[in-house]
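Per-entry structural report
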Amino acid sequence: MKIKRILAMAVILLAAYILQYGVFPLCPWIDTVPNLLLIVAVSFGFMKGKKHGMIVGLFCGLTADIASMGTLGFFMIVFILIGYLNGAFHRWMYSDYIVFPLIVTAVSSFLYGCYVYVFQFLIRGRLDFGYYLLHIILPELIYTVILTAAVYPLLSLINHKLELTERRSATKFV
C-alpha cells in the first residue's frame with residue numbers, strides 16, 4: 001500500500017472510532033450506536049478485495065478491542081472475517097452501486113450481532129436470543145445500514161481518488 005492510502009485509512013479509522021465511541025453514544029435520540037468500524041471494514045473489503053479487507057478488518061477489530069477494554073482479539077477475529085468475506089464479492093459486483101453494499105452491510109451486521117451474542121451471552125447461559133435480536137441486533141443493523149447509505153459513497157469517492165493518485169504515480173515512475 002502507498003503512503004497516501006495508509007494515511008487516508010488511518011484518518012478514516014480514527015474518524016470512525018471517534019464517531020462510534022465518542023459522539024454517537026452521546027446522541028439522546030438514538031438508543032443503539034451504528035457500527036461505523038463495520039461499515040469501513042465492509043466497504044474497503046468490497047471495494048479493494050480480500051487482502052485489503054482483511055488488513056482493514058484487522059485494524060477495525062483492533063480499535064474495537066481497545067475501545068471495549070476486553071479480550072484483545074475478540075472483535076479482531078470477526079472484523080478480519082467480515083473484511084475477507086466482503087472482499088470475496090470484489091470480483092463479482094461493481095462497487096459504485098449502493099444497493100449491493102447495503103445488502104452485504106446488513107448481512108455482515110447481522111453476523112456480527114450473532115457472533116457477539118454467541119460469545120458474550122450464550123456461553124454465559126443467557127438464552128433469550130429473541131430479546132437480543134429485537135433490542136440489540138436489529139436496531140444496530142438498521143442504524144448501520146442507514147448510515148452506510150451516507151458513508152459508503154464518501155468512502156467510494158476517497159478510494160477512487162486514491163486509486164487515481166496511485167495510477168498517476170505509477171505511470172510517472174515508468
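Scroll up to find the structure this text is about.
Here's the deal with the overall build of the protein chain
Scanning the protein chain for helices and strands turns up 6 helices and 0 strands. Counting from the amino terminus, the protein chain carries its helices and strands in the arrangement α-α-α-α-α-α. The C-alpha radius of gyration of the protein chain comes to 17 Å, within 12% of the 16 Å expected for a compact globule of 174 residues. Overall, the protein chain is about 60 × 30 × 30 Å in size when its C-alpha atoms are taken along their principal axes. Counting all 174 residues of the protein chain, 42% fall into the buried class. Considering only contacts in the protein chain between residues 6 or more positions apart, those separated by 24 or more positions represent 70%. In the form shown here, the protein chain has an accessible surface area of approximately 10,100 Å², with 73% of it arising from carbon and sulfur atoms.

Some remarks on the packing of helix α2 (residues 36-48) against helix α4 (residues 74-87)
For the pair α2 and α4, interaxial distance at closest approach is 7 Å and the crossing angle is 35°. The interaxial crossing formed by α2 with α4 has right-handed handedness. Taking contact as the criterion, the partners of Leu37, Leu38, Ala41, Val42, Gly45 and Phe46 in α2 are, on α4, Phe79, Ile82, Gly83, Asn86 and Gly87. In terms of residue class, the contact of α2 with α4 is made up of 7 nonpolar, 4 polar and no charged.

Looking at the packing of α2 against helix α5 (residues 99-120)
Between α2 and α5, the shortest axis-to-axis distance is 10 Å and the interhelical angle comes to 130°. In terms of axis orientation, α2 runs oblique to α5. Every pair of crossing elements has a handedness; the one defined by α2 and α5 is right-handed. In this structure, α2 uses Leu38, Ile39, Val42 and Phe46 to contact α5, whose residues at the interface are Phe100, Pro101, Val104, Thr105, Ser108, Ser109 and Tyr112. Tallied by class, residues from the contact of α2 with α5 come to 8 nonpolar, 3 polar and no charged.

With respect to the pattern of salt bridges
Under the defined criterion, the tally for this structure stands at 1 salt bridge. With its nearest N and O atoms 3.4 Å apart, the salt bridge here joins Lys48 to Glu163. Within this pair, whereas Lys48 is found in helix α2, its partner Glu163 is found in helix α6 (residues 129-173), the two being separated by 115 residues in sequence.

What about the packing of aromatic side chains?
Inspection of the entire model under this criterion finds 12 aromatic pairs. Aromatic side chains Phe46 and Tyr152 sit 6.5 Å apart centroid to centroid with 55° between the ring planes, which places their arrangement in the tilted category. One end of the pair, Phe46, is in helix α2; the other, Tyr152, is in helix α6, and 106 residues separate them in sequence. For the residue pair Phe46 and Tyr152, the accessibility class agrees, reading buried in each case.

Digging into α4
Helical geometry note: an α-helix holds 3.6 residues per turn, so side chains three or four residues apart project in the same direction. An ideal rise of 1.5 Å per residue puts 20 Å on 14 residues; α4 measures up with 21 Å between its terminal C-alpha atoms. Among the residues making up α4, those that are buried are Phe74, Phe75, Met76, Val78, Phe79, Ile82, Gly83, Asn86 and Gly87. On its buried face, α4 sits against α2, α3 (50-68) and α5.

Reading guide: rules and limits
- Residues numbered from 1 in each chain as written.
- Predicted model: local features only at pLDDT ≥ 70, side-chain atom pairs only at ≥ 80, totals over all residues.
- Heavy atoms only, no water.
- Helix = DSSP H or I, 4+ residues; strand = E, 2+ residues; numbered from the N terminus.
- Rg over C-alpha atoms; globule rule 2.2 N^0.38 Å.
- Buried < 20%, exposed > 50% of the residue type's maximum accessible area, 1.4 Å probe, protein only.
- Contact = heavy atoms within 4.5 Å.
- Areas by Shrake-Rupley, 256 points an atom, 1.4 Å probe, with all protein chains shown as cover.
- Axes fitted to C-alpha atoms, helices over the stretch in contact; angles between N-to-C directions.
- Left-handed = near helix turned anticlockwise from the far one by under 90°.
- Nonpolar A, V, L, I, M, F, W, Y, C, P; charged D, E, K, R; others polar.
- Parallel < 35°, antiparallel > 145°, perpendicular 65-115°, else oblique.
- Salt bridge = Lys/Arg side-chain N within 4 Å of Asp/Glu carboxyl O.
- Phe/Tyr/Trp six-rings, centres within 6.5 Å; stacked < 30°, edge-to-face > 60°.
- Expected span 1.5 Å × (residues − 1).

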